Amino acid sequence: MKKLFLSLFTAIIGLYFQFQVAHAASPYVLPYPSAMPGSIFYKLNLIQDEVLKYWYFGNFGQFKYSLSQSDKYLVEAKTLFDYKQYLLAHQALQKSDNYFRKIEPAIFSAKQNGKNVVEKEETLEESAKKHIEELLELQKNLPPSIEWRPEKQQSKILKLSEAIENSIRVRQEAL
């Protein structure tokens with residue numbers, strides 16, 4: 001009798017936890033970080049990105065390529081900021097912004113060609129929300145500006161808060 005009760009109790013508990021639903025602020029998922037600057041594979045990744053730029057042709061191809069690159073560089077920036085590699089992170093954030101700016105023109109061009117872009121517009125909106133969510137989280141943990149002093153070179157002031165606010169503005173234009 002005890003075995004039956006224990007088995008039934010375990011099954012009920014198992015079912016309870018199996019059907020628990022996790023709710024995220026944004027359903028859009030950013031990719032796992034790829035090769036980072038300093039890695040042996042980073043330059044190979046850059047070459048691959050240049051080749052893929054030509055592989056993704058057409059409006060929807062450019063949409064997909066630009067969105068994936070924007071995601072990739074945002075994750076790279078976030079990771080580099082975590083490791084206090086501010087200069088590289090700042091550069092990655094600017095790359096992410098540049099790719100994000102290319103997404104809307106690709107959708108507009110597809111719309112002009114009579115293609116159904118409703119799904120792409122929804123994806124763009126979800127990605128913009130997720131990017132903004134990540135950028136706001138980054139902004140909380142970063143200093144407003146920092147003096148970056150590379151070896152044997154002149155120091156440079158990086159206005160991190162301004163860069164993040166600019167990135168947020170770029171994404172808000174898509175909403």
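Here, every reference points to the structure presented above.
The structure reproduced in this document is the subject of the present report. What you see is a predicted model, and the numbers here were worked out from it, not measured in a lab.

Observations regarding unusual backbone geometry
Here Lys84, not a glycine, exhibits a phi torsion of approximately 60°, which is positive. By the secondary structure assignment, Lys84 is in the loop between α3 (59-82) and α4 (86-101). Classification of Lys84 by relative accessible area gives exposed; the value is 54%. Backbone geometry places Lys152, a non-glycine residue, at a positive phi of 60°. Inspection of the secondary structure puts Lys152 in the loop between β1 (146-148) and β2 (156-158). Residue classification places Lys152 among the exposed positions, given a relative accessible area of 86%.

Details of α3
A turn of α-helix holds 3.6 residues, and therefore any two residues three or four places apart point the same way. With 24 residues, α3 should cover 34 Å at 1.5 Å per step; its first-to-last C-alpha distance of 35 Å lies within 8% of that length. Burial analysis of α3 places 18 of its 24 residues in the buried class, which makes it a mostly covered element. Where α3 terminates, the next one or two residues include Lys84, which has phi positive at roughly 60°.

So, the side chain of Asp71
With respect to the helices and strands, the residue Asp71 is situated in helix α3. At 2.4 Å, the side chain of Asp71 and the side chain of Tyr28 are in polar contact. With sequence-adjacent residues up to four places away left out, Asp71 is seen in contact with Tyr28, Leu30, Pro31 and His131.

Regarding the pattern of salt bridges
Per the stated rule, a full pass over the model turns up ten salt bridges. One salt bridge connects Asp97 with Arg171, and the closest N-O pair in it is separated by 2.4 Å. Here Asp97, found in helix α4, pairs with Arg171, found in helix α7 (residues 160-172); they are 74 residues apart in sequence, far enough to count as distant. For the pair Asp97 and Arg171, one class covers both residues: buried. Here Glu133 ties to Lys130 by a salt bridge, and the two come within 3.3 Å at their closest N and O atoms. Linking Glu133 with Lys130, this pair stays in helix α6 (residues 118-141), spanning three residues, or about one helical turn. Among the residues examined, Glu133 registers a relative accessible area of 28% and is labelled partly exposed. What you see here is one network of salt bridges that share partners, running through Lys78, Lys130, Glu133 and Glu134.

Digging into the packing of α6 against α7
Packing of α6 against α7 brings their axes to within 9 Å, and their N-to-C directions diverge by 165°. One element, α6, and the other, α7, form an angle in the roughly antiparallel class. Crossing handedness for the pair α6 and α7: left-handed. Of the residues in α7, those in contact with Ala128, His131, Ile132, Leu135, Leu136, Leu138 and Gln139 of α6 are Ser161, Ile164, Glu165, Ser167, Ile168, Arg171 and Gln172. When the residues that make up the contact of α6 with α7 are grouped by side-chain class, the tally is seven nonpolar, five polar and two charged.

Re the packing of α3 against α4
For the pair α3 and α4, interaxial distance at closest approach is 8 Å and the crossing angle is 160°. As the angle between them shows, α3 and α4 are arranged roughly antiparallel. In this structure, the crossing between α3 and α4 has a hand that is left-handed. Of the residues in α4, those in contact with Tyr65, Ser66, Gln69, Ser70, Tyr73, Leu74, Glu76, Ala77, Leu80 and Phe81 of α3 are Tyr86, Leu88, Ala89, His90, Ala92, Leu93, Lys95, Ser96, Tyr99 and Phe100. Here the contact of α3 with α4 is composed, by residue class, of 13 nonpolar, five polar and two charged.

Here is what the cut-offs are and how they apply
- Residues numbered from 1 in each chain as written.
- Predicted model: local features only at pLDDT ≥ 70, side-chain atom pairs only at ≥ 80, totals over all residues.
- Heavy atoms only, no water.
- Helix = DSSP H or I, 4+ residues; strand = E, 2+ residues; numbered from the N terminus.
- Buried < 20%, exposed > 50% of the residue type's maximum accessible area, 1.4 Å probe, protein only.
- Expected span 1.5 Å × (residues − 1).
- Polar contact = N/O pair within 3.5 Å; in protein donor to acceptor, adjacent residues only side chain to side chain.
- Contact = heavy atoms within 4.5 Å.
- Salt bridge = Lys/Arg side-chain N within 4 Å of Asp/Glu carboxyl O.
- Axes fitted to C-alpha atoms, helices over the stretch in contact; angles between N-to-C directions.
- Parallel < 35°, antiparallel > 145°, perpendicular 65-115°, else oblique.
- Left-handed = near helix turned anticlockwise from the far one by under 90°.
- Nonpolar A, V, L, I, M, F, W, Y, C, P; charged D, E, K, R; others polar.

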